[in-house]
Amino acid sequence: MRATLHSRKISTRGQLALLLFAAMSFVATLLTSLVSRDEVTTSGFDIRTVLLLAIGAGALVLMGSVIWHKGSVAKREARTAKAESLQLRRNLAAAEAIIRAEPQVLIFWEQGQAVRIVSHTLTDVAGLPESHTEILRFGQWLEAASAHNLKAALDTLFVDGRSFSVILKTIEGGILEGEGRAAGGRAVLRLKDISGYKLDIARIDERHSKLARDIRSSRALLNTLTMPAWLRGSDGRLVWVNAAYVAAVEADSESEVLERQIELLETRQRKAVVKTIAAGDSYKARVHLVAGGERKAHDVVVLPVENMTAGAAIDVTEIETAQGELDRQIAAYDRTLDRVETAVAIFNSEHQLVFYNAAFRRLWSLDPDWLATQPTDSLIIDRLREIGLLAPVVSHREWKAQMLACYRTGVPLEDVWHLTDDRILRVLAEQRPDGGVTFLFVDESERFALEARYNALIDVQRETLESLNEGIAVFGTNGRLKLFNKAFCDIWKMPARKLAELPHVGEVIAAAQTLHPDADTWLRIGRAVTAFLDERETFSGQMIRSEGAVIDYALMPLPDGATLLTFADVTDAKRAERALVERNEALVAADRLKTNFVGHISYELRTPLASIIGFAELLASPFMGQLNEKQREYVADIMTSSKTLLAIINDILDLATIDAGSMELKLEPVGVRALIDAAILGIRERAVRSRLTIDIAVADDVNEFMGDEARMRQVLYNLLSNAVGFSKPDGTVKLTCWRETGNIVFRVEDDGIGIPKDQISRVFERFESRSRGSEHRGAGLGLVIAKNLVELHHGQIEIASEEAKGTRVTIRIPEQAIELPKSLRA
């Protein structure tokens, strides 16, 4: 606006000058014209004077006109400037209102002038000073890094006019945004609080800076270590290795390792690492690696870090060698201490238990898990007091301090503890070079109580001997009697008073010969007692005295050179034994008679039964003439009943043969499928009448086995016959066969009425037959014969049943026959 006014002033003055110049030119022209015409006034005035006056007057008029014009122009300009000043003040007020409306600190620099803080409306920022003077001292309230960054940005702004925007952090943790702008010779710095995404960005930037710093410092630290360290990306490739890794794989630089992906771990080891990391665990293992051309032991640690893994290999060769040697020495030391009977406990300078042997654990019966926590000796003493092993004392604290004074004084301790369980311990404690103490607990109970126990043992021994029904006599190495009991006196009718004199064995034998005058027996006994032989014999026998008493005797040499003689009166036992033998012989004879009777009757019944069957078949034949319906029915019933009776007789004969031990199997290769077909043929008609389905399943690998085909057919027929007989109409009977660990397994199942649980144990008993609601009738011999025939084949038979749900019978027959000697078979 000032430039505009200046141009306007120049324009007005020019106009006035032009007017003045024009007026003067006009007057000069006029005067020249008059002079040239020689027109001079008559008044006598000099023309030049008149000319000068005219010029002066014109100049005055002109000057007055100029002054009047200039005054009017000045008034007009003053009014305009006033209006412009008012507008400028309004604009300035609006600008200040806009500046103060936003919380900020506005700092203004102008060339050649001092810095000014135009606005400070920013509050609630931790660490931001309120004083204008203190704000300009950035290094006092900003963190060092933020102050440095702001100074560098301001220097660039002042020199190059380059704008900037930085995130600043106060010492107290506040976060600001600093923006710098330049215009001509002026610079403006605006500080304002940040929020929202900018605050998040600031925090992220701060974390990034911290993480970058940590990474740089960590990598610098790892590069100084002598252990190889590495980082792998999510794809399993190496992304960083330290200098020790480069040296271990004998590479020239880190870039070469990363470019060629040179691995320190072997393939098998890397697979183990990948498997462990994939399971979400950290991998820690001691492996042997080739590092620097040598194979050494390393502790390899690999940790999952988000989608990366970090690993390190620590050379533990020397540690492993030293540890191995130390472990061997400690193990040998521990084994030695574990074998001694003295309880040993070693405590370190901190009074903590660092070792105890097996005798210590047995002595106090303390929890091994609790001992593994390394309790102090004071705690152990308190625990022994709590469980009631230590005898009460007047002052437990003083007594415990006296026991543990060895730590302080170094004087060895020797004391005797009387435990509440009557044990007596001798306690020894001696200080170790490392400041710890070794305690020894020697159980002296046995030594102190040896005499009492010996006397008690003698008393118990005598009471025991006296309570025995057997006569006991112990002779010493000199042949004289040392011990005897009342039963010995009673058996040989010898007075205890005489035996108390401890006579020689010869005198005892002489007294005993009055009841049993068998010189050979007594001579052998006398020699065994008095002989000096390297190998002393042990023998026994039986004496039958003249009055009928039966005496069992036994002679046994004792370890101390003495001889033990025992005599037992078994007269009553012998009588009972004879009675049992006689009764057993009678039972055997009765059983033999029963077997012979059954066999004889069975043979006698078979002949007429065969005739009945033959004549019935002859009557049913059309050659004998036509029978009416009722006659045919009677003949069919006769044939059916006769065949059933014949089957029962055959079963009885088989059982008799088995009981007599005279049944021999004709072992030969038996085809499984042919065997099953033959067994099915026998029950096919009954199954059809009952509308049963026979389901047969044979494994492909089942062919044949060694056995008696006829007897195995009889077994399967009996099992299938039972299954058909106890099945419901329209039911199913299953026959399954497969191989199993050297056996051929047959299984017969039905869905019939089943067997009650209380009767399953009796199904293999003879003549155990129950219809249980079915129409099946039998003598109860089918399962018994099947069981005996299976066992003759060295097989097994099992039965499982549930009432109203069916029965399952399983037999296992060895594929290869097992031959037993005739002596064992008999």
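Since this is a predicted model, take the numbers as computed values, not measurements.

This part covers helix α21 (residues 519-530). When the terminal C-alpha atoms of α21 are compared, their 16 Å separation across twelve residues agrees well with the 16 Å that a helix rising 1.5 Å per residue should span. Residues T521, W522, I525, G526, A528 and V529 constitute the buried set of α21. The buried residues of α21 all sit within an arc of 165° when viewed along its axis, so they share a single face. Seen from the open side of α21, the exposed residues pointing more than 90 degrees away from its buried face are D520 and R527. The inward-facing, buried residues of α21 contact β16 (471-475), α18 (486-492), α20 (505-512), β18 (539-544), β19 (550-557) and β20 (563-569).

It is worth spelling out the packing of helix α24 (residues 672-689) against helix α25 (residues 709-725) at this point. α25 packs onto α24 with a crossing angle of 30° between their chain directions and a minimal axis gap of 9 Å. In terms of crossing hand, the pair formed by α24 and α25 is right-handed. Between α24 and α25, the contacting residues are L675, I676, A678, A679, I680, G682, I683, R686 and A687 on the first element and E709, M712, R713, L716, Y717, L720, S721, V724 and G725 on the second. For the contact of α24 with α25, the class distribution of residues is twelve nonpolar, three polar and three charged.

Next up on the list: the sheet that holds β18. The strand order across the open sheet formed by five strands is β17-β16-β20-β19-β18, and the pairing between neighbours is antiparallel. Two strands close off the open sheet at either side, each with one partner strand: β17 (481-484) and β18. Across the sheet, the axes of successive neighbouring strands diverge by a mean angle of 20°, strand direction being ignored. Relative to β19, β18 is paired through six bridges, and the arrangement is antiparallel. Bridge pairing in β19 places M543 opposite I551. Of the strands in this sheet, β16, β18, β19 and β20 are in contact with α21, which crosses β18 at around 150°.

Looking now at the environment of G725. Structurally, the position occupied by G725 is in helix α25. On the accessibility criterion, G725 (14% relative accessible area) is buried. Taking the C-alpha atoms as reference, G725 lies 8.3 Å from R686; in sequence the two are 39 residues apart.

In this section: the sheet that holds strand β11 (residues 343-347). Taken in spatial order, the five strands make up an open sheet running β12-β11-β15-β14-β13, and their pairing is antiparallel. Single-partner strands in this sheet number two, and they are β12 (353-356) and β13 (413-418). Averaged over all pairs of adjacent strands, the angle between their axes in this sheet comes to 20°, without regard to strand direction. Where β11 and β12 come together, three bridges link them in antiparallel fashion. Within β12, the residue paired with A345 across the bridge is Y356.

Mean pLDDT over the chain stands at 79; residues scoring 70 or higher make up 82%. Confidence drops under pLDDT 50 across residues 1-11; counting only partners more than four residues distant or on other chains, this segment forms three contacts. For the stretch residues 34-45, pLDDT sits under 50, and the model shows four contacts to residues farther than four places along the chain or on other chains.

Turning to the packing of α20 against α21, a few remarks are in order. Direction vectors running N to C along α20 and α21 enclose 165°, while the axes themselves pass 10 Å from each other. Overall, the two elements α20 and α21 adopt an arrangement that is roughly antiparallel. You can see that α20 and α21 cross each other, and the crossing is right-handed. Facing V505, I509 and A512 of α20, the residues of α21 in contact are W522, G526, V529 and T530. Considered class by class, the residues forming the contact of α20 with α21 number five nonpolar, two polar and no charged.

For the rest of this paragraph, the subject is the pattern of salt bridges. A full pass over the atoms with the stated rule returns 30 salt bridges. In this structure, E294 engages K296 in a salt bridge whose closest nitrogen and oxygen atoms are separated by 3.7 Å. Using a relative accessible area of 46% as the deciding quantity, one classes E294 as partly exposed. Residue K296 is classed as partly exposed on the basis of its relative accessible area of 25%. The salt bridge partner of D382 is K400, with a shortest N-O separation of 3.2 Å. Taken as a pair, D382 in helix α13 (residues 377-386) and K400 in helix α14 (residues 396-403) lie far apart in primary sequence, 18 residues in all. With a relative accessible area of 23%, D382 lands in the partly exposed category. Via salt bridges that share partners, E179, R190 and K192 belong to a single interconnected network.

Definitions and limits used
- Residues take numbers from 1 onward in each chain, read along the sequence in its written order.
- Whole-chain, interface and lining totals are the exception, using all residues; otherwise, since this is a predicted model, local features are given only for residues with pLDDT of at least 70 and side-chain atom pairs are given and counted only at 80 or more.
- No hydrogens and no water enter the side-chain calculation; it runs on all heavy atoms of the structure.
- Put simply, DSSP marks the helices as runs of H or I at least four residues long and the strands as runs of E at least two long, and each gets a number from the N terminus on.
- A helix's residues, less one, multiplied by 1.5 Å, set its expected span.
- The buried label goes to any residue with under 20% of its type's maximum accessible area, the exposed label to any with over 50%, and the partly exposed label to all in between, with areas taken from a 1.4 Å probe on protein chains only.
- In this description, the arc belongs to the directions extending from the helix axis to the C-beta atoms.
- Should any heavy atoms of two residues lie within 4.5 Å, those residues are considered in contact.
- Orientation is described by lines fitted to C-alpha atoms, with helices fitted over the stretch in contact, and by angles between N-to-C directions that extend from 0 to 180 degrees.
- Put simply, a crossing is left-handed when the front helix is turned counterclockwise from the back one by less than a right angle, and right-handed when it is turned clockwise.
- Each residue is assigned to one of three groups, with Ala, Val, Leu, Ile, Met, Phe, Trp, Tyr, Cys and Pro labelled nonpolar, Asp, Glu, Lys and Arg labelled charged, and all others, Gly among them, labelled polar.
- By definition, two strands form a pair when at least two bridges between them are found by DSSP.
- Think of pLDDT as the predictor's per-residue confidence, scored from 0 to 100.
- Between 65 and 115 degrees an angle is taken as roughly perpendicular, under 35 as roughly parallel, over 145 as roughly antiparallel, and anywhere else as oblique.
- Note on definitions: salt bridges are taken to be side-chain nitrogens of Lys or Arg within 4 Å of carboxyl oxygens of Asp or Glu.

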